[in-house]
Every structure is written in C-alpha cells, then in structure tokens.
Amino acid sequence: MLFAEVIVDISVKSLDRPFQYRIPEQMEEQAVIGVPVIIPFGKGNRERKGFIVGLSNTPQYDINKTKAIIKVEKQGVAAESHLLSLAYWMKENYGATMNDAIKAVMPVRKEIQQKVERRIFPAFTEEKLREVRELFEKKHNVARVRLLDGLLGLKDLREEGLLYEDAVKMLNVPNKVIKEMEQLGIIRISSKRLYRNPLEEKRIADNRKRLNEGQQAIVDTFQKDYDSGVRKNYLIHGVTGSGKTEVYMNLIEHVIRNGQQAIMLIPEIALTFQTVNRFYGRFKEKVSVMHSRLSAGERYDQYQRVKNNEIQIIIGPRSALFAPFSNLGLIVIDEEHETSYQSDTMPKYHAREVAIQRAKMLSASVVAGSATPSLEAYYYCQTGKFQLFTLKERAGNAAFPTIQIVDLREEMKAKNYSIFSRTLQEKIEACLEKEEQIMLFINRRGYASFVSCRECGEAIRCESCSVSLKPHIYHGKVSLLKCHYCGAQKPMPVVCPFCGSRYIGTFGLGTQQVEEIVKKQFPQARVLRMDADTTSGKNGHSRILQAFAKKEADILVGTQMIVKGHDFSDVTLVGVLAADLSLNASDFRAAERTFALLAQAAGRAGRAEKPGDVVFQTYQPEHYSITCAAAGDYENFYRQEIAVRQMLHYPPISNILEVLVFSKEQKKTVLLSEQVHKIIGAEKEITILGPGDPVFAKLRDFYRRVLFVKAVRYQTLCEVKDRIEDFMQEQEEYKDCTVTFRFN
Ligand code: ADP
Ligand code: ZN
Ligand code: ZN
C-alpha cells in the first residue's frame, strides 16, 4: 500500500505540516510529488485542496483510520514538483510556513475559465453542400438552411470556417441545430484555445546590433560553456548603456535554440517600458510577461502557455522567477542590485538567491547584470561563486557626462541658503536657454530622517553600528536619537559634536517642496513632478514620463523613480540636490545605495548626441560613495565599502537575520521580544542587537519590536530561526503574536 504526505492548502500555522493519506490503487500512477490533490480534512471531512510533498510505503497510524485521497488533479507535474522542492528550500532558508512558500512559487492555482474559439467547417465539398441545402429547403428546415447559407457565403470555405458564435447570434441558428448537423456529419466543429495575451500585438521591429568586441567575448564564453554542458553563474558588470541588454538577448537566443527556456527578471519599475518591447521585437510570440498587474485570467493563461511549452521566454519582476518551465536553461537578472528583488512578504526571499538555487536544482545558468553590482554579487565574483565580465565602454555613440561635485558647506559660508548651489543655478539657466531638458533628483530613501550639521556635513551616527541615528520628535522638537539596529539612545545635542556649530538639525527635502521652489526661481520653466503621489493609478508612471519625453516640460523633479532605465535624448543636465539624503539613511547599505543612485542618475544625462552635465550637491563631498560615483569607479568603491562591512560584520562578509515581533498588545510585544532574545541565547558565534524599535514601532494597530542577529555562518542563523519557530509553536500565551524573519 502506498501513502502520500499532503500539505493542506490552509494558511494556519498549526496545520502547516504534512498529513498522511492513503493513495487508492487506481490513483497510484498519477499520485506523484508535486501534484495537487483533493482530500477529506478535519472532523467533518470537508473536501480540501492539498499538495503531495512526499510518498512512502509505511503508514504512520492505524491503516484503517488513515483517510484516502479523493482525487488527483490533472496537471503537468514536472515543473510543479520541482517548484515544490524549491518552496521547501525557501521555507527552510527564509522561515515561512510551507503554505506561504507554496503560494509564493505557485501563485496561479485556481483555474480560470478558458476562452475557447469554436469554428464550424463544412465536411463536404461546396457542390455537395449545395445539394444538401436544396434538400433541407424542401423540408422547410429553415435554421439548417441558414447555417448552410452562412457557410456557403464564406470566401474561403475550408480555410476560415464560420465562427460558432456568429452562427448562433447573427444567423440565429440554435445550438441544438448545430449539434444535429454535426451528428449528421455535414459539419465539423473545431475548437481552439484562445489565450489572453497581455502583450499588445504591436509590430515592433527587431533592431539587432552587431556586437562589439566586449559584448561578443561574453557571448562566446557563455556559449562555449553552455555547449560543453557547463552551467554556472555569471555577473556582467557593465556601465549604463554598455549593451548588457543586447548581450542578454543573444544568450537567451542561444538557449532557446537548444530547446531550453529562459526567464528574464527586471525590476518592477522598468516593466512597462523599453525592455519588454525590445524582447518582443526580437522574440515575437515566443516571449510573454508575468506580473501582478495582469488580470487573473491573463495570468492563468500565461501560466498554461508556459506549461504547454508555447512560450520559451518569460519577462517579469521577481515573481516571474517561478514560471513553471520544465526545461529551464537560463535565468537573467537585470539590474541585479535593485531593491525590488527583495520580497517584503513571507517568505522574505531575495530573487537573486532563489534564482541561484532554482538554477542549481534544474542545472541552469544565471546571468546577473548591473552597472552598480550589489556588494553580494561582486563578493561572489571574488569567492568564485560568480564569474565576472566587465563592459567599460558605452555601446552606442553616447559619451560619458561630465560630473561635478558641489560642496554645500561652501554655499552656506557664501550665504547662499537656497537648495540650489550657485553652480547648479547657472547650469539650469543655461540649459533652459538652449531649450534642453533637466532632471532634478531627490534621492530620499523611504522615510529616512537623520540629524546632521550644515556646517561640517557630519551626521550623528551610532558608535557601534555606524548607521545614522533616527530622531524622535516630541511636541515638534527632536528630543531623542535612537539607533534602529541596537536600540542605543542619545539625547539630541545642542551643538555639533564634531565642529561645535549650532547649525544642527533634521534634514529633509520633499519633492513637492522642490517643485514649488523651482517654479518660483525659474518661472519661465515648465515643471513636472514624479513621486509616489503623482504616479498613482495604472498608468501614472508612463503618463508623466511620456509627457516629459514629448518635451511638454523642461524640468522633471522626482525621486529615484526618475532615474531608472528611462532614456530621454534631450536631457543634458541632471542635478542631485542632496546626496546626503540617501547616504545618511539608517541602514548599513546606505553607502551602497547612494553609490548606485548617483551612478544611475549620472547615466541619465546626455545619452544621445548631446553631451551631458551632472551635478552632485552634498555636505559630505569627500565621502567615497560620492567621489567614486563621480569618477565612475566601482572597483574603488567596492574596496572601501567591503572593508567597512568586514570591520562591522555586515553582509556579505557576515550574515544578519532580522527578527520582527509584533502583536496588538504593546506589553506582550515587548515581553516576547525579550523572550526571543533569551531563546537565541548567548553563543560565541553570534551577536544580538536589540530588541529595539523598528522604523515603524507601530504599524496598522500592531506594536513592533525588532532584533538583529549577526553570525558569520548562514547556517547558524537558520538554526536560530528554527529555534524561535519551535518556541512559537509551543507557546500558548503568545498565540496572537507573530514573528517574521528576514535575512539581510
Ligand atoms: P545596457 O543594458 O547596458 O544599459 P543596452 O543594451 O540598452 O545597454 O544598450 C544601450 C544602447 O546601445 C541601446 O540603444 C542599444 O541599442 C545600443 N547598442 C547596444 N549594443 C550595441 C552595439 N553592439 N552596437 C551599437 N549599438 C549598440
Ligand atoms: Zn559640524
Ligand atoms: Zn547601534
């Protein structure tokens, strides 16, 4: 007798374990790992959906009491069973229920009514058809005659057939009559599945380029590896515009030519734009998209098309990573450093890491690309996990812009209190004069706020964690500074601890505020603003970007949204108003993000024939993330940043597990966070920071506390996570509390 371990499709912690079911003999063949099944569940034996996650010959309980599977759902299984083991890996590595992990890897599980197109074809020659028609006419079978007239009226009888719907609706032929005619063998009915295709059937030309030497070398190496059966991970470090996308397309082409499939991940924000169109131009109907803005029907259909082998390439944000290909050859991750690859719901996975794992399980390759690689990816190149390729030149004819760093402390001394330095003001004037376009960029990160000195530029940081301290405001005044990692507190100083200046305070700059100032200071300019407020709605982004592309405005003011992957050939000036905004964000990746944002912002200027000009305004002009971004020197930046990470035991040298505790009761939350601290215990290998208040100490009625656990070995942190999970399983009094995990 055969038994199946089944995970029940309910997101309840206590049920998040496999239950054993008997497999009826007649189902033995279909009941394999990965298939969905219907099972009787609970006292009332309600029918529930579940997934088979294991098989065995030994019963766990009394065989007579073991329930049997009711039904095995028919579905292509190969991809599913693989995705299921990937889900298991994610559950183990990121801490989530098996059910949540399954939901992440198999988001499309409900069948959505398919669209079918039915057509009616004559089963006879035209001549014979006319004879039959005569016959029916004599018998006054008017409906049959109408149907035959419809068929005889077609231009090309055999080729196109008659749409079933037209026969019913326009020719007024009852369904019954059509059926009779089919049974009489006079007509044939064909049905074809219609897919809801999210890509508009636009004619996009394939603008294939002759690869330059650098690009060709990458393609050659990859192909040679691929052809000799080598599958591994690569990183393409290529400056903006160096032709990485062109390389991806060539690699993918090679893989699908060999009968395999490919996934192309792009950051959320780039989705609606150029990349998808370029792929569509090259690969036509072989490519489709998968993302959360598709309708349920569209999503279901893409899923089916992938499973039926009708699509070879899927493009999409991180969730596209789970496209159910069964013969996957390559996963490309464009703009690998982007934050949208980090999932913020359980399981809180990072797409790069899961891609590496999925590729390993299926023996496929991974190609990540970026102008500003994450420290992780570049570190992997040093440790041999990735092979590094470098593209230093721009592929088209665009030249690199001239970049200038402006010291805002000098502006203070010269009594210029405007948000624009004198240099930037002059450049804006000149640019407006020439009728060229300008982008003004506010690199604010989330809700980051910090305290800094306007005279010396220093921000107040935590001594042990090196991140800037977060001001806590009571009655409109900053009273306390807190470290969001270790919870350390300091009173707000009266004078700058570095230079003694009284010009110390919180620093903030909003897009709306900047827009108003720009309008006042440059009344002749037409201004557009792009931020979270102005881009709500489905086409919010594209509306503003298109207006700017059509030169309906001279100046575009915005957050990081404006610097990502959009090409405007008339933009010749890019101004970063305060590089410090991202530099002093209170997390350990602040310098890395700043470098990436500045490099990207610079990449927006002068992409076509016109040369570009870039200005970085900052109070910390000597900070390496700013000087290296201005010099376009990633390697130098990496060297300095990795040394900092090494010193403070931050990733990628060490690992950090973020443990977030929350509940509706403040007291309980605090108690539990202290309990969790105890459970983690004082091992030699690990350092615990906190518990402390997270950035949002209260969110949607939930009180939150956070702990950070550092360890050199990733496995150590997984064990810590397991211990906390076990504890939560056993505890009755913390039943209404939740603990979530994130590996940083
Ligand atoms: P990236 O992805 O690195 O930013 P792209 O692939 O988008 O770079 O290329 C930047 C621009 O250069 C695009 O307009 C592209 O068409 C063009 N380009 C890419 N490769 C070549 C090449 N070998 N010859 C000429 N132009 C190229
Ligand atoms: Zn100072
Ligand atoms: Zn600290």
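So, here is what we can say about the structure in this document. (Residues numbered from 1 in each chain as written. Chains lettered and ligands numbered in written order. Predicted model: local features only at pLDDT ≥ 70, side-chain atom pairs only at ≥ 80, totals over all residues. Heavy atoms only, no water.)

**Some details on a negative patch on the surface**
Residues E426, E429, E433 and E435 make up a contiguous surface patch of negative charge. Along the chain, the position of E435 falls in the loop between α14 (422–433) and β17 (437–441). (Patch = residues over 30% accessible without salt bridge, like charges linked within 9 Å, V, L, I, M, F, W, Y side chains within 5 Å. Areas by Shrake-Rupley, 256 points an atom, 1.4 Å probe, with all protein chains shown as cover. Salt bridge = Lys/Arg side-chain N within 4 Å of Asp/Glu carboxyl O. Lys, Arg positive; Asp, Glu negative; His and termini not counted. Charge placed at Lys NZ, Arg CZ, Asp CG, Glu CD. Helix = DSSP H or I, 4+ residues; strand = E, 2+ residues; numbered from the N terminus.)

**Let's talk about the coordination of the zinc ion (ligand 2)**
Within the first shell, the zinc ion (ligand 2) binds the protein through C453 (SG), C456 (SG), C496 (SG) and C499 (SG), at distances of 2.2 to 2.4 Å. Between the four donor atoms coordinating the zinc ion (ligand 2), the angles at the centre fall across 106 to 116°, so the site counts as tetrahedral. By relative accessible area, C456 is classed as buried at 16%. (Donors = N, O, S within 2.8 Å, 3.2 Å for Na, K, Ca; no water. Tetrahedral: all angles 85-135°; square planar, octahedral: opposite > 155°, others 65-115°. Buried < 20%, exposed > 50% of the residue type's maximum accessible area, 1.4 Å probe, protein only.)

**Some details on the site of ligand 1**
Lining the immediate environment of ligand 1, one finds 15 residues, of which R210, Q215, K244, T245 and R278 sit closest. T245 is positioned with one of its side-chain polar atoms (N or O) 2.6 Å from an oxygen atom of ligand 1. E246 is positioned such that a nitrogen or oxygen atom in its backbone is 3.3 Å from an oxygen atom of ligand 1. Here ligand 1 has 560 Å² of accessible area as a free molecule, and 75% of this is covered by the chains. With three residues, helix α8 (residues 244–257) is the single largest residue contributor to the shell around ligand 1. In terms of residue class, the shell around ligand 1 is built from three nonpolar, seven polar and five charged. (Near = heavy atom within 4 Å. Polar contact = N/O pair within 3.5 Å; in protein donor to acceptor, adjacent residues only side chain to side chain. Nonpolar A, V, L, I, M, F, W, Y, C, P; charged D, E, K, R; others polar.)

**Some remarks on the nonpolar core**
In this structure, M90, F322, V659, L672 and I724 are the most contacted members of the largest nonpolar core, which totals 102 residues. Excluding anything up to four places from it in sequence, L672 contacts V661, F727, M728, Y734, C737 and V739. (Core = buried A, V, L, I, M, F, W, Y, C linked by side-chain atoms within 4.5 Å. Contact = heavy atoms within 4.5 Å.)

**Observations regarding unusual backbone geometry**
For the bond from M346 to P347, the omega torsion is -10°, close enough to zero to count as cis. Its place among the elements puts P347 in the loop between β13 (328–333) and α11 (351–362). Across the junction of G690 and P691, the peptide omega takes the value 5°, indicating a cis bond. By the secondary structure assignment, P691 is in strand β28 (residues 686–692). Of note in this structure, K284 is not a glycine but carries a positive phi near 50°. Positive phi, normally seen in glycine, also occurs at S363, with a value near 45°. As for its position among the elements, S363 is in the loop between α11 and β14 (365–370).

**Comments concerning the packing of α8 against helix α9 (residues 274–283)**
Between α8 and α9, whose axes approach to 11 Å, the crossing angle comes to 40°. One finds that α8 runs oblique with respect to α9. Helix-helix and strand crossings are classified by hand; for α8 and α9 the assignment is right-handed. Along its contact with α8, which presents T245, E246, Y248, M249, N250, I252, E253 and I256, the element α9 presents T275, R278, F279, R282 and F283. Of the residues contributing to the contact of α8 with α9, the split by class is six nonpolar, three polar and four charged. (Axes fitted to C-alpha atoms, helices over the stretch in contact; angles between N-to-C directions. Parallel < 35°, antiparallel > 145°, perpendicular 65-115°, else oblique. Left-handed = near helix turned anticlockwise from the far one by under 90°.)

**Points about the sheet that holds strand β5 (residues 71–72)**
Pairing in this open sheet of five strands is antiparallel, and the strands run β2-β1-β4-β3-β5 from one edge to the other. The open sheet has two edge strands, β2 (19–22) and β5, and neither has a second partner. Sheet topology places strand β3 (residues 36–41) next to β5; two bridges connect them, and they run antiparallel. Note on β5: the bridge partner recorded for V37 is V72. Contacting β1 (3–8) and β4 (46–56), helix α2 (residues 98–105) runs over the sheet at an angle of about 80° to β1. (Pairing = 2+ DSSP bridges.)

**Topic: helix α18 (residues 590–603)**
With 14 residues, α18 extends 20 Å from end C-alpha to end C-alpha; this agrees with the ideal 20 Å at 1.5 Å per step. Summarising burial for α18: 13 of the 14 residues are buried, a large majority. (Expected span 1.5 Å × (residues − 1).)

**Some details on the pattern of salt bridges**
Under the defined criterion, the tally for this structure stands at 37 salt bridges. Note that E463 and K490 form a salt bridge whose closest N and O atoms lie 3.1 Å from each other. Placement of the pair is E463 in the loop between β18 (450–453) and β19 (470–474) and K490 in strand β21 (residues 489–491), with a sequence separation of 27 residues. With relative accessibility at 27%, the residue K490 sits in the partly exposed group.

**Some words on the pairing of strand β24 (residues 555–558)**
By the alternation rule, side chains of β24 split into I555 and V557 and L556 and G558, which are all buried. Bridge count for β17 against β24 is four bridges, and the pairing is parallel. Paired with F441 across the two strands is G558, which belongs to β24. When strand β23 (residues 527–530) meets β24, the two strands line up parallel, connected through four bridges. Its bridge partner being in β24, L528 is matched across the sheet by L556.

**Concerning the coordination of the zinc ion (ligand 3)**
Protein coordination of the zinc ion (ligand 3) is provided by C462 (SG), C465 (SG), C483 (SG) and C486 (SG), with donor distances spanning 2.3 Å. Seen from the zinc ion (ligand 3), its four donor atoms lie at angles of 106 to 113°, and the figure they make is tetrahedral. Mapped onto the sequence, the residues coordinating the zinc ion (ligand 3) show the spacing C-x2-C-x17-C-x2-C. Of this pair, C462 sits in the loop between β18 and β19 while C486 sits in the loop between β20 (477–482) and β21, and the two are 24 residues apart along the sequence. C462 gets classed as buried once you look at its relative accessible area, which sits at 6%.

**Things to note about the packing of aromatic side chains**
For the structure on display, the rule yields 25 aromatic pairs. If you follow K128 out to its NZ or CZ, it ends over the ring of F124, 4.4 Å from the centre. Lying across the ring of Y650, K710 places its NZ or CZ 4.5 Å from the centre. (Phe/Tyr/Trp six-rings, centres within 6.5 Å; stacked < 30°, edge-to-face > 60°. Lys NZ or Arg CZ within 6 Å of the ring centre and 35° of its normal.)

**Concerning the sheet that holds β24**
Strands sit in the order β16-β26-β25-β17-β24-β23 across an open sheet of six strands; the sheet is parallel. Single-partner strands in this sheet number two, and they are β16 (402–407) and β23. Between one strand axis and the next, the sheet turns through 15° on average, direction left out of account. Pairing between β17 and strand β25 (residues 571–576): five bridges, direction parallel. Across the sheet, the residue bridging to Q437 is V571, located in β25.

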